[in-house]
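The lines below spell out each chain.
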Amino acid sequence: MGKKELFGTILNPTKNGSVELIKNGFVEFDEKTGKILKVGKTNSKTVKSTENVFIIPGMVDLHSHIPQLPGVGKNADELLPWLKNHIFPLEVRFSQLDYAEKVSRFFFKEALRFGTTTIVAYASVHKEATDVAFEVAKEIGIRAFIGKVMMDRDMKRYPEELPLMSRNIKDSIDLAKKWHNSNQGRLQYIFTPRFAASCTMKLLEKTAKVAKEGGFYIQTHLAENQSEVKFIKSLFERERHRVPTNTHIFKKSDILGEKTLLAHCLYLSPPELQLIKESGSKIIHCPTSNIFLQSGFMPYRRYETYEIPIGLGTDVAGGYTLSMFNCMRDAIETSKIVNLLNDNRPYPILQPTEVFWVSTLGGAKILQLDEKIGSIEENKDADLVVIKAKPSFSFYCNMDDANSILQNFIYLPTTYNIEKVFIAGKEIDLNYEQN
Ligand code: GUN
Ligand code: FE
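Let us look at the structure shown here. Since we're looking at a predicted model, the values are computed, not measured. (Residues numbered from 1 in each chain as written. Chains lettered and ligands numbered in written order. Predicted model: local features only at pLDDT ≥ 70, side-chain atom pairs only at ≥ 80, totals over all residues. Heavy atoms only, no water.)

1. Description of the packing of aromatic side chains
What counts, and what does not: Aromatic pairing here means that ring centres of Phe, Tyr or Trp (its six-membered ring) are within 6.5 Å. Orientation follows from the plane angle: under 30 degrees is stacked, over 60 is edge-to-face, and everything else is tilted. Runs of E in the DSSP output that reach at least two residues are strands. Runs of H or I that reach at least four are helices, and both are numbered from the N terminus. Buried, partly exposed and exposed residues are distinguished by accessible area as a fraction of the type maximum, computed with a 1.4 Å probe on protein chains only: under 20%, between the cut-offs, and over 50%, respectively. Here, a charge over a ring means that NZ of Lys or CZ of Arg falls within 6 Å of the ring centre while also lying within 35 degrees of the ring normal.
With the rule as written, the count across this model stands at 18 aromatic pairs. Ring centres of phenylalanine 54 and phenylalanine 409 lie 5.4 Å apart, and the angle between their planes is 90°; this geometry places the pair in the edge-to-face category. Separated by 355 residues along the polypeptide, phenylalanine 54 in strand E4 (residues 53–57) and phenylalanine 409 in helix H15 (residues 402–411) bring together distant segments of the chain. Side by side, phenylalanine 54 and phenylalanine 409 carry an identical accessibility label, which is buried. These aromatic residues form a ring-pair network of at least three members: Phe54, Phe325, Phe393, Phe409 and Tyr416. Its end group placed over the ring of tyrosine 99, arginine 93 keeps NZ or CZ at 4.0 Å from the ring centre. One residue, arginine 157, lies across the ring of phenylalanine 231, its end atom 5.3 Å from the ring centre.

So, in structure tokens, the structure goes:
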């Protein structure tokens, strides 16, 4: 254990939102403390050519579901029937802990193989299985925010008895006490009320209170699908809650806030966007899932005008891969579709450098971890991904241009391999079959 150096072309997100390209770069870090000591340009004569090696910061996936990984690629109708027919039956299997362990290991290793070093994830409704997911994340060394899924009503769809509101809260608090800020701060507990359709107002209110008192993050789903939005609205109306929109359910229960991650957010009116903005909540864009489940197309640029922070998430198994590069691609393609559907076509399409920034420093910022991770800087933790380009790589791009190199990462996955992943200076074993 000592100092270690990596050499290559560095793609580094900067504080002003751009991506810096450092050719013939090096990163020196301390394997013991896990901290980056120096980043810069080498005297190119002293090192062997590293033109085909790239170094990027570990990526941040802000929304995914651990128990759903075995369910990727299963085409179905839209969100609600998909949950009922594919997803809920799969999640119920997490009551078997040896199965939960196997899937959790597969999930975290798969994310790491794609260069994701920080992931925000839903476990299942089971306390014990959530505990197992944390245990596996600890053993592997990944940075993760994990939460027990909270559901206290079944919509007559969930094939297992659901815990009561009080049990949901107690189990979550117990898990938070055990795991929050553990493994040198790499693991955090996140309160996880699934979505308004599976949570009573009481559960949402209590969750918001407990989470905010303890300074925890909260994650949930909002306005993902038109039938879902209608269903939730009628559900709360029947219970005589005075809530004009689904966002008002989260406003009324105090779920909205600086540390609240709202996945999807496709069908929001201007007043709802205003509520979200005022609350400081973050929107997590899940473009792969939005296409796979025919949910729709999130108007990224329009939301930017509200100055709401937007992050990216793979949303496995609504999304069919844990690859953030794939997610970036669908974010760009979605921005084109939004323009096509809008006669005025007023917005510039998303750029590779932008979505890469959002998937690294931007994601870290949303998690209030941007002092620690998200870019390659002195004193930050050495969360690094080494990518080796194949000979074909340079055929497709301008090696002197960050946007062009990122285009290859995003659109041409067969031209490179993700070779090594480090978290806090320690190389992660990317194998999972042997365990
Ligand atoms: N809404 C409520 N639960 C889920 C889920 O598991 N996946 C997606 N995509 N949306 C949801
Ligand atoms: Fe989701």
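2. Side note on empty space enclosed by the protein
This is how the line gets drawn: Points on a 1 Å grid, built from protein atoms alone, make a cavity when a 1.4 Å probe fits but cannot get out and make a pocket when they are open with protein on both sides within 12 Å along at least 5 of 7 lines; residues with an atom within 4 Å of a point are the lining residues. Grid points are joined across faces, edges and corners, and a volume is the space filled by probe spheres set on the points. Charged residues are taken to be Asp, Glu, Lys and Arg, nonpolar residues to be Ala, Val, Leu, Ile, Met, Phe, Trp, Tyr, Cys and Pro, and polar residues to be all remaining types, Gly included.
By the definition in use, this model includes three cavities of 30 Å³ or more. Taken as a whole, the largest cavity holds about 100 Å³ of empty space. Lining the largest cavity, in full, are His65, Gln68, Leu79, Trp82, Leu83, Arg194, Phe195, His221, Glu224, Glu228, Leu293 and Asp315. Of the residues forming the lining of the largest cavity, the biggest block, three residues, is contributed by helix H1 (residues 79–92). A per-class count over the lining of the largest cavity returns five nonpolar, three polar and four charged. Volume-wise, the second largest cavity comes out at about 50 Å³. Those elements that provide at least two residues to the lining of the second largest cavity are helix H11 (300–304) and helix H12 (324–341). In the lining of the second largest cavity, the residues fall into five nonpolar, three polar and two charged.

3. Quick word on the coordination of the iron ion (ligand 2)
What counts, and what does not: Metal-coordinating donors are taken as N, O and S atoms lying within 2.8 Å of the metal, or within 3.2 Å when the metal is Na, K or Ca; because water is left out, some sites can appear incomplete. Metal sites are grouped by the angles between bound donors: all angles between 85 and 135 degrees with four donors is tetrahedral, opposite donors over 155 degrees apart with the others between 65 and 115 is square planar for four donors and octahedral for six, and any other pattern is irregular.
Around the iron ion (ligand 2), the protein contributes the donor atoms His63 (NE2), His65 (NE2), His221 (NE2) and Asp315 (OD), which lie 2.0 to 2.2 Å from the metal centre. If you look at the iron ion (ligand 2), its four donor atoms make angles of 89 to 167° with each other, and the shape they trace is irregular. All donors of the iron ion (ligand 2) come from a single chain, and their spacing in sequence reads H-x1-H-x155-H-x93-D. With a gap of 252 residues between them, histidine 63 in strand E5 (residues 59–65) and aspartate 315 in the loop between strand E13 (310–312) and H12 connect regions that are remote in the sequence. Since its relative accessible area comes to 2%, histidine 63 is described here as buried.

4. Points about the pairing of strand E7 (residues 143–147)
We apply this condition: The pairing criterion is simple: DSSP has to find at least two bridges between the two strands. With the strands aimed away from the viewer, a crossover counts as right-handed if its path from the first strand over the helix to the second runs clockwise.
Of all the five residues making up E7, five are buried; the element is thus mostly covered by neighbouring parts of the structure. Side chains Arg143, Phe145 and Gly147 project from E7 onto one buried face, and the interleaved Ala144 and Ile146 project onto a second face that is buried too. Looking at chain direction, strand E6 (residues 116–122) and E7 are connected through five bridges and run parallel. For threonine 118, the partnering residue across the bridge sits in E7 and is arginine 143. Following the backbone out of E6, through helix H3 (residues 127–140) and into the adjacent parallel E7, one traces a crossover that is right-handed.

5. Things to note about the packing of H12 against helix H13 (residues 352–366)
Formally: Only C-alpha atoms enter the line fits that serve as axes; for helices the fit covers just the stretch in contact. Angles between N-to-C directions range over 0 to 180 degrees. An angle below 35 degrees is read as roughly parallel, one above 145 as roughly antiparallel, one from 65 to 115 as roughly perpendicular, and any other as oblique. Left-handed describes a crossing in which the near helix is turned anticlockwise from the far one by less than a right angle; the clockwise case is right-handed. It only takes one pair of heavy atoms within 4.5 Å for two residues to be counted as in contact.
Running from amino to carboxyl end, H12 crosses H13 at an angle of 130°, the nearest separation of the two axes being 10 Å. By the angle between their directions, the pair H12 and H13 is classed as oblique. At the point where H12 passes H13, the crossing takes the right-handed sense. Each of Met324, Phe325, Met328, Ala331 and Ile332 in H12 lies in contact with H13, whose residues at this interface are Pro352, Val355, Phe356 and Ser359. Looking at the contact of H12 with H13, its residues break down into eight nonpolar, one polar and no charged.

6. Concerning helix H7 (residues 226–238)
Put simply, the test is: One less than the number of residues in a helix, times 1.5 Å, gives the span that helix is expected to have. Here, the arc refers to the directions that run from the helix axis to the C-beta atoms. By the criterion applied in these results, polar contacts are pairs of N or O atoms within 3.5 Å in which, for protein atoms, one can donate a hydrogen and the other can accept it, and in which residues neighboring in sequence qualify only through two side-chain atoms.
Here H7 is 13 residues long and its end C-alpha atoms lie 18 Å apart, about the 18 Å a rise of 1.5 Å per residue gives. All buried positions along H7 are accounted for by Glu228, Val229, Ile232, Leu235 and Phe236. Buried residues of H7, viewed axially, fall in a sector of 130°; they line one side. Opposite the packed face of H7, turned more than 90 degrees from it, sit the exposed residues Lys230 and Arg238. Tucked inside the fold, the buried residues of H7 contact H1, helix H6 (201–214) and helix H8 (246–252). By the N-cap criterion, in which a side-chain oxygen at the helix start approaches the backbone nitrogen of a residue two or three places on, H7 is capped by asparagine 225, the distance to serine 227 being 2.8 Å. Note on H7: the residue one or two positions beyond its end, arginine 240, has a positive phi of about 65°.

7. Regarding the site of ligand 1
Applied cut-off: If even one non-hydrogen atom of a residue comes within 4 Å of a molecule or strand, that residue is called near it. Note on areas: Shrake-Rupley, 1.4 Å probe, and residue coverage restricted to the protein chains presented here. Throughout, a molecule is located in a cavity or pocket provided that more than half of its atoms lie within 2 Å of its grid points.
In the vicinity of ligand 1, the contacting residues are His65, Gln68, Leu79, Trp82, Leu83, Arg194, Phe195, His221, Glu224, His264 and Asp315. Taking glutamate 224, its side chain carries an N or O atom lying 2.6 Å from a nitrogen atom of ligand 1. A distance of 2.8 Å separates a nitrogen atom of ligand 1 from a polar side-chain atom of aspartate 315. The protein chains hide 100% of the 280 Å² of surface that ligand 1 would expose on its own. For ligand 1, the cavity whose grid points lie within 2 Å of the majority of its atoms is the largest cavity. For the shell around ligand 1, the leading source of residues is H1, giving three residues.

8. Considering the packing of H12 against H15
Running from N to C, H12 and H15 cross one another at 105°; their axes reach a closest spacing of 8 Å. It follows from the interaxial angle that H12 and H15 lie roughly perpendicular. Across the interface between the two elements, Phe325, Met328, Arg329, Ile332, Glu333 and Lys336 of H12 pack against Phe409, Ile410 and Tyr411 of H15. When grouped by side-chain class, the residues that make up the contact of H12 with H15 number six nonpolar, no polar and three charged.

Everything listed here is a matter of geometry and, on its own, says nothing about what the molecule does.
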